[in-house]
Amino acid sequence: MAISKKSSGGKAKKYVYLFGTKKCTEGAADMKNLLGGKGANLAEMCRLGLPVPAGFTITTECCVDYFKNKMKFPASLKPVVEKALAATERQMGSKFGDAQNPLLVSCRSGARKSMPGMMETVLNVGLCTRTIPGLIAKTKNERFVYDSYRRLITMYSDVVMEKAEGVEPEEGKGIRVQLDGLLQKMKKAKGYQKDTDLTAGDLKKICNDYKKCIRVVLGKNFPDEPIAQLWGGIGAVFKSWNGRRAIAYRNIEGIPDGWGTAVNVQTMVFGNMGDNSATGVAFSRNPATGEHKFYGEWLINAQGEDVVAGIRTPSPLNEATKSEHNAALVSLEKAMPRVYVELDSIQKKLEKHYRDMQDIEFTIQDGKLYMLQCRVGKRTGTAALNMAMDMISEKLISEKNAVMRLAPAQLDELLHPIVDSSAEKHAKLLAKGLPAGPGGAFGQIVFTAAAAVAWAKSGKKVILLREETNPEDIEGMRAAEGILTARGGMTSHAALVARGWGKCCIVGASSVRVDAVRKTMTVGNKELSEGDFVTLNGTKGYAYEGKLAMISATENPRFKKFMAIVDKYRILGVRANADTPADAKNAREFGAEGIGLFRTEHMFYGKGSDRPLFILRKIILSGTTEERRKALKKLFPFVKASIKATLKAMEGLPVTIRLLDPPLHEFVPQDPAKQKELARSLGISAEDVRRRGEQLHESNPMMGHRGVRLGITYPEITEMQLRAIFEAAAELIKAGKKCKPEIMVPVTCDAHELSDQKAIARRVYDETLCKMKMRSIPHMYGTMIEIPRACLTADKMAEEAEFFSFGTNDLSQMGFGFSRDDIGGFMPEYLNKKIIAADPFQTIDQEGIGQLIEMAVAKGRSVRKDLKIGICGEQGGDPASVEFCFKTGLNYVSCSPFRVPIARLAAAQAAISAEKKPKRK
Ligand code: PEP
Ligand code: MG
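Definitions and limits used
- Residues numbered from 1 in each chain as written.
- Chains lettered and ligands numbered in written order.
- Predicted model: local features only at pLDDT ≥ 70, side-chain atom pairs only at ≥ 80, totals over all residues.
- Heavy atoms only, no water.
- 1 Å grid on protein atoms, 1.4 Å probe; cavity = no way out; pocket = protein on both sides within 12 Å on 5 of 7 lines; lining within 4 Å.
- Points joined across faces, edges and corners; volume = space filled by probe spheres on them.
- Nonpolar A, V, L, I, M, F, W, Y, C, P; charged D, E, K, R; others polar.
- Helix = DSSP H or I, 4+ residues; strand = E, 2+ residues; numbered from the N terminus.
- Axes fitted to C-alpha atoms, helices over the stretch in contact; angles between N-to-C directions.
- Parallel < 35°, antiparallel > 145°, perpendicular 65-115°, else oblique.
- Left-handed = near helix turned anticlockwise from the far one by under 90°.
- Contact = heavy atoms within 4.5 Å.
- Near = heavy atom within 4 Å.
- Polar contact = N/O pair within 3.5 Å; in protein donor to acceptor, adjacent residues only side chain to side chain.
- Areas by Shrake-Rupley, 256 points an atom, 1.4 Å probe, with all protein chains shown as cover.
- Buried < 20%, exposed > 50% of the residue type's maximum accessible area, 1.4 Å probe, protein only.
- Pairing = 2+ DSSP bridges.

A. Fine view of empty space enclosed by the protein. Applying the stated criterion across every chain, the model contains three cavities of 30 Å³ or more. A volume near 70 Å³ is recorded for the largest cavity. A per-class count over the lining of the largest cavity returns nine nonpolar, no polar and one charged. Space inside the second largest cavity adds up to approximately 50 Å³. Forming the boundary of the second largest cavity are L659, L660, G707, V708, L710, G711, I717, T718, Q721, V745, P746 and Q757. Listed by contribution, the elements that provide at least two residues to the lining of the second largest cavity are helix 26 (708–713) and helix 27 (715–734). Residue composition of the lining of the second largest cavity, grouped by class: seven nonpolar, five polar and no charged.

As structure tokens, this is what we get:
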């Protein structure tokens, strides 16, 4: 055993905590950070007087120090482990390494947050030449002892001698595979079908063969000294924190590398000692549906690993939860009624104590029940909702507790159809991209928007596959079940649109090569053609070949009730980004309290947009102001109608209408027929159209002639839009409707831009009042804050603006200097290598961009106390960003309609969490 010579100095850290009898137990449930979830809960069960085999937990802090000391145990650890072992021996009445009455232990991992199956375990530690005869005499079961020894040798050589030592065998040459090969060879030679056919003599021989094989393959002897096995086991569990699986899991779950794992050294109890022994896992409620029934599986004469490994089909725990698959098997309730009653009362006690659904592991050794683990059980979104609502009625938890019980991402699950996870497990992964639009979808691939529309019309389900999408694809995107693009980031056009519609979408799948001409897609050497089926999991960003089963998102009737409770505790407002009356209606249904971003240019995409788009193109390509004014006049009724319809759909609620912000070249037609038509209408040649279009070309359109710059250079465009807004509002007010337009100027970087446009607004407002014979039209004038300079000069901006709305898509783009449409090429590597913690287009970068936001809020409110502030970038629907917005004192977040419930929940959770902490300023 390698021990660090370095003394920690000062008071020695307490690295080991005992558990067992109530009196000797040192840990408790609230010590998860130090003892890991498993250790803390074992201690808590001991405090409750439940039957838990005694043992001790080595802390996560020790694991961290172990890694700091170049994988050497701290010097103070050895004596405390020896003392803890002695205490365990006293409680269990047996001795570790003793020839007559040996104690065996397990070494199990246990991180702060459960990482199921990601780290290592060694069982039956302490079996050796010296202790085997004693255990045989004690159990009178030679077969069981050699079976346990066989399992120890297998696990130990695999986990401690191979993995922990960093040995990387060739595929199929690992020690576990080789040992299994020996076992299979013997079974074959003897004509056995099952492992249980092996006799004590067979197992004894196999143990010897195993040891020989280990010597040859790994060049070392399997340790025959219990204490050496114990230290080997402890070290291997620590090291498994940095095993490949554990690292990958942490990356996905966002678990910090610096936490470390605890090691639980616990007395072994055996579920494989005969037909009076068993092992099982259970949940205090059904984790898939939330149904309030004790639910689980058990196996007679087996060890825990047999249940988890799925080698044998487990039996149902009780009669009430039998299914068609296991109806013929005997339940624990029937087989061991006394033990079942005890287990049932323990699960009830645990649930009452923890006030949450428990996931428990138990073993029955020779008719006696032992509890090996309890933890809060993982559950589906539906189950989480049902459990939370049930537990309120049962008075087990408060409303606030219930609000905290659903992860915002679980709401997503409730709102979209999802890919059946069991089908996904066996499916062939085709490509990975960014999870842009949630839920699941399957369909036949098509390569153009037109094909998507045509195929969908004929009743086919299609997945639109594009290199990247542009506004001309919109109809195809609408018609498709899902969208897959090879390029683009989370805020790319496809992603924005898809999320807005709640459509499944994966963008930036950079391994996909799209050949729209040959109508094929290739990934590596796999080629798919038009009409082939693929399935998308937009929540994960995974694309699969073929058609996978879906689970439909049945709207739970309790969802609305739950959301009403959520709103009781929410302080932050939640609005939606919506551009059409249909989206607005959707947003209202999802509980939006207004529109935070109405992108006016969206009236030029999709259904019914042909005419206004044609006029817009004329405006863009106009050679003179006069020509432009003429075209603007024609566009005016369309703009007014679009705004009026949305204001009406949101009656009584605020609607933030953004002035035009398109990169102009997006609207120049590429199609020669359309170019010709436009030329005819403008009285110029098609060549002129092409040339004028070329003149509009910009090298960097994202930072080009867009947003307010358009209004500064073409004030008549601003004027037309403002007139449309004021007249639409005025007409609605005259018709007895309430409406509150908020005029928002985009892409501003200086207060003078705002004063320039405000002058136009004042003039048009007065003209409208005069025309409509009205005294006032309620409205506000404000700006997007999406350029870093706007944050730095926010005090000046607030002199002109009555509200700010953070456009965190552009603010992140310009703050990082990352083009939001081109991050697919490097973001995955940035995330893999942990250069940055998360994609800043999905979640606000609080460290950097967050400072800009905080500064803008402080500066803005320093000159205008009641400055209304919101956010309308895509991050507005991300739970961590919602919490940040709440803490920073924003008035509302605005996100796509389907994310509104998620934002509402995240906002309520932020408010409840903040109650526990000191009040915000
Ligand atoms: C933004 O930049 O965050 C924003 C909402 O505007 P857009 O995505 O339309 O540029
Ligand atoms: Mg923007």
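B. Region of the structure containing the packing of helix 34 (residues 879–887) against helix 35 (residues 900–916). Their axes nearest at 9 Å, the elements helix 34 and helix 35 cross at an angle of 50°. For the element pair helix 34 / helix 35, the angle class is oblique. Every pair of crossing elements has a handedness; the one defined by helix 34 and helix 35 is right-handed. Listed contacts from helix 35 to P879, V882, E883 and F886 of helix 34 are I902, A903, A906, A907, A910, A911 and A914. Its residues assigned to classes, the contact of helix 34 with helix 35 comprises 10 nonpolar, no polar and one charged.

C. How the structure looks around the site of ligand 1. The full set close to ligand 1 counts 13 residues, and R599, G807, N809, D810 and R820 are the nearest of them. Take R599: an N or O atom from its side chain is 2.8 Å from an oxygen atom of ligand 1. Protein chains shield 96% of the accessible area of ligand 1, which is 280 Å² for the free molecule. Elements with a minimum of two residues in the shell around ligand 1: strand 27 (595–599) and helix 31 (808–816). Here the shell around ligand 1 takes three residues from helix 31, the largest share from any one element. Along the lines of polarity and charge, the residues of the shell around ligand 1 split into three nonpolar, four polar and six charged.

D. Spatial organisation of the packing of helix 5 (residues 142–163) against helix 7 (residues 200–218). Across the interface, helix 5 lies against helix 7 with an axial gap of 8 Å and an inter-helix angle of 15°. In terms of their interaxial angle, helix 5 and helix 7 are classed as roughly parallel. For the crossing formed where helix 5 meets helix 7, the hand is left-handed. Here helix 5 contributes E142, R143, Y146, D147, Y149, R150, I153, T154, S157, M161 and E162 to the contact with helix 7, which in turn contributes A200, L203, K204, I206, C207, Y210, K211, I214 and L218. Split by residue class, the contact of helix 5 with helix 7 holds 11 nonpolar, two polar and seven charged.

E. Up close: the pairing of strand 28 (residues 654–658). For strand 28, the buried fraction is high: five of the five residues fall into the buried class. The side-chain alternation of strand 28 yields two buried faces, one formed by P654, T656 and R658 and the other by V655 and I657. Of the strand pairs in this sheet, strand 27 and strand 28 are connected by three bridges, and their pairing is parallel. The residue bridging R599 from the neighbouring strand is R658, located in strand 28. Sheet analysis places strand 28 next to strand 29 (residues 740–745), joined by five bridges and oriented parallel. Residue pairing in the sheet places P654 in a bridge with K740 of strand 29.

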